[in-house]
Amino acid sequence: MTHQTQKKHWIGTFYILTLLLYSMTTLYNSVMPLYLKDFSPSLRGVLLSAGPIVSSVAPLFWGSLADRTNSKKWILAAVCFGASLVFPFIFQQNAFWPILFLMGFTTFFSSSFGSLSDTITLSYCTQNGFSYGPIRIMGTVGYGIFAAISGIIMDQNKKLLPWIYFILGVVTITVIFFLPTSGQHQTTQPVARRKLSFSDIRVLFREVPLLPCFMLLIFLTHFPLNYFYNFYSAFFVEELHFPERMWGIIILATVSGEIPFFIWYDELLKRVKIRTLFFLSTILGIARFTSFALVSNLSAIILTAVCTGMLTTIVIYSITWYINTRLPENKRATAQGAIYCTCSITSVTAGFIGGAATGWIGVRGMLFFCIFLSLAALTLVTVLSRKGKLDF
């Protein structure tokens, strides 16, 4: 097999890997809010915060560990194995405390899927001249398809879901074994292994002074999306009286809205400054949550989901691009871990605050709060742009 043929073979494994990892992710994210809908909003908020609490540090832990190994793929295989093993046990429980523990344990592993796979895939694409956008579209396809499928299965036989997750995990681990080893897609030299130190984060903030601003922007744009997934689903079924299977269609519509961004991902980042993308994202956020707060028509909800689905994707992957092009490779997984930790901290906040506030002001009231956060994100981008911090 020639070297060029090997490259084409390996890039195919990245397409399959991305499809499978995002399929696993959507099974968890779309099913759990519906599985927990019999709990009160406040208890549901605590349960949905269990995973994010753990995953607020887990991606940083796994990312730092990956930066100190010769190949990141083995760390990715390990977290995939752990999540696949633990997740099915959630569906054997009905009590609060066992579910709380198992959700936290599952996301200790699964929360690093995105940061590790992005780091590995972007590194390979950058060094070998492949486009990342089409690969990431496979993630959107997997996420959307399994969102729709999981909604149908929740209606028909939810006991099948953990087995589907486990099978996906086994297949994903098999695919990971076919990824190139570190020497074949990474240029960094092996580094001495040492214990994880949070001084790494201080150094990272010093080397990337924009990182705290990016983390704040992620919080402001990610909180509304987390609230939407955690609490609008029960509102959609119980108060708007739509069937559970249609919730899967809403998620499918949302992730379908990401496809145009990933089709033009590489060209956009070459031709458009990052501030333009951030402005687009925040404006989409304002439009999305204004619509969800005011309309109850299914067609309008689906249309809104499609048209505004790319809002947080733009922010996350623009920042991912920044990290991949501005940082040395032995810092990238740690930086990606910090970004995913921010997403997790935001999920915790959305779970606790969302659960408590929903009982007080209702879902529609919280959607208006999400509009306020989107306006705050727009203000942050405006301030950074006027200071010339986003001129790249």
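Predicted, not measured: the structure shown is a model, and the values here were computed from it.

Definitions and limits used
- Residues numbered from 1 in each chain as written.
- Predicted model: local features only at pLDDT ≥ 70, side-chain atom pairs only at ≥ 80, totals over all residues.
- Heavy atoms only, no water.
- Helix = DSSP H or I, 4+ residues; strand = E, 2+ residues; numbered from the N terminus.
- Rg over C-alpha atoms; globule rule 2.2 N^0.38 Å.
- Areas by Shrake-Rupley, 256 points an atom, 1.4 Å probe, with all protein chains shown as cover.
- Lys, Arg positive; Asp, Glu negative; His and termini not counted.
- Charge placed at Lys NZ, Arg CZ, Asp CG, Glu CD.
- Patch = residues over 30% accessible without salt bridge, like charges linked within 9 Å, V, L, I, M, F, W, Y side chains within 5 Å.
- Salt bridge = Lys/Arg side-chain N within 4 Å of Asp/Glu carboxyl O.
- Buried < 20%, exposed > 50% of the residue type's maximum accessible area, 1.4 Å probe, protein only.
- Expected span 1.5 Å × (residues − 1).
- Arc of directions from axis to C-beta.
- Contact = heavy atoms within 4.5 Å.
- pLDDT = per-residue confidence, 0-100.
- Disulfide = S-S within 2.5 Å.
- Core = buried A, V, L, I, M, F, W, Y, C linked by side-chain atoms within 4.5 Å.

A. Representation of the overall build of the protein. Counting its regular elements, the protein contains 18 helices and zero strands. A globule of 392 residues ought to have a C-alpha radius of gyration of about 21 Å, and the protein, at 20 Å, matches this closely. By its C-alpha atoms, the protein is 55 × 50 × 40 Å across when sized along the principal axes. Total accessible area on the protein is roughly 16000 Å²; 67% of this is exposed by carbon and sulfur atoms. Mean positive and mean negative side-chain charge positions of the protein (28 and 14 charges, respectively) differ by 7 Å.

B. Seen up close, a nonpolar patch on the surface. On the surface, Phe81, Leu85, Trp163, Phe166, Ile167, Val170 and Val171 cluster together to form a nonpolar patch covering roughly 680 Å² of accessible area. Where the nonpolar patch is concerned, the elements lending two or more residues are helix H4 (73-90) and helix H8 (160-177). Ranked by residue count, the leading element in the nonpolar patch is H8, at five residues. With respect to the element layout, Trp163 can be found in helix H8. Relative accessible area serves as the criterion here: at 60%, Trp163 is assigned to the exposed category.

C. Main features of the pattern of salt bridges. Taken as a whole and judged by the stated rule, the model has three salt bridges. In this structure, Arg136 and Glu258 form a salt bridge, with 3.6 Å as the shortest nitrogen-oxygen distance. You can see Arg136 sitting in helix H7 (residues 132-156) and its partner Glu258 sitting in the loop between helix H12 (244-256) and helix H13 (259-263), a full 122 residues away along the chain. The buried category is assigned to Arg136, whose relative accessible area is 5%. Across the pair Arg275 and Asp391 runs a salt bridge, and its minimum N-O distance is 2.2 Å.

D. Examining unusual backbone geometry more closely. The phi dihedral of His241 falls on the positive side, at around 65 degrees, and the residue is not glycine. Tracing the backbone shows His241 in the loop between helix H11 (211-238) and H12. Relative accessible area serves as the criterion here: at 63%, His241 is assigned to the exposed category.

E. Layout of H8. Between its terminal C-alpha atoms H8 stretches 27 Å, which fits the 26 Å expected from 18 residues at 1.5 Å a residue. Residues of H8 that are buried: Leu161, Pro162, Tyr165, Leu168, Gly169, Thr172, Ile173, Val175 and Ile176. When H8 is viewed along its axis, its buried side chains cluster within an angular range of 155 degrees and face the same direction. Residues Trp163 and Ile167 are exposed on H8 and point more than 90 degrees away from its buried face.

F. Summary view of the side chain of Ser30. Examined against the element boundaries, Ser30 turns out to sit in helix H1 (residues 3-35). Other than its neighbours up to four places away in sequence, Ser30 contacts Ala147, Ser150, Trp247 and Ile251.

G. Expanded view of the confidence of the model for the protein. Per-residue confidence for the protein gives a mean pLDDT of 84, with 91% of residues at or over 70. Predicted confidence is poor over residues 183-196, with pLDDT under 50, and the contacts of this stretch with residues over four places away or in other chains come to 27 contacts.

H. Highlighting the state of the cysteines. Counted according to the given criterion, the structure contains zero disulfides. Unpaired in terms of disulfides, Cys125 finds its nearest cysteine sulfur in Cys80, a separation of 20 Å. For Cys125, a relative accessible area of 4% corresponds to the buried category.

I. Looking closely at the nonpolar core. Residues Met32, Ile90, Tyr232 and Phe236 are the most contacted members of the largest nonpolar core, which totals 128 residues. Looking at this core, the element that brings in the most residues is helix H18 (residues 329-386), giving 17 residues. Setting aside anything within four residues of it in sequence, one finds Met32 in contact with Leu48, Phe87, Ile90, Phe91 and Met103.

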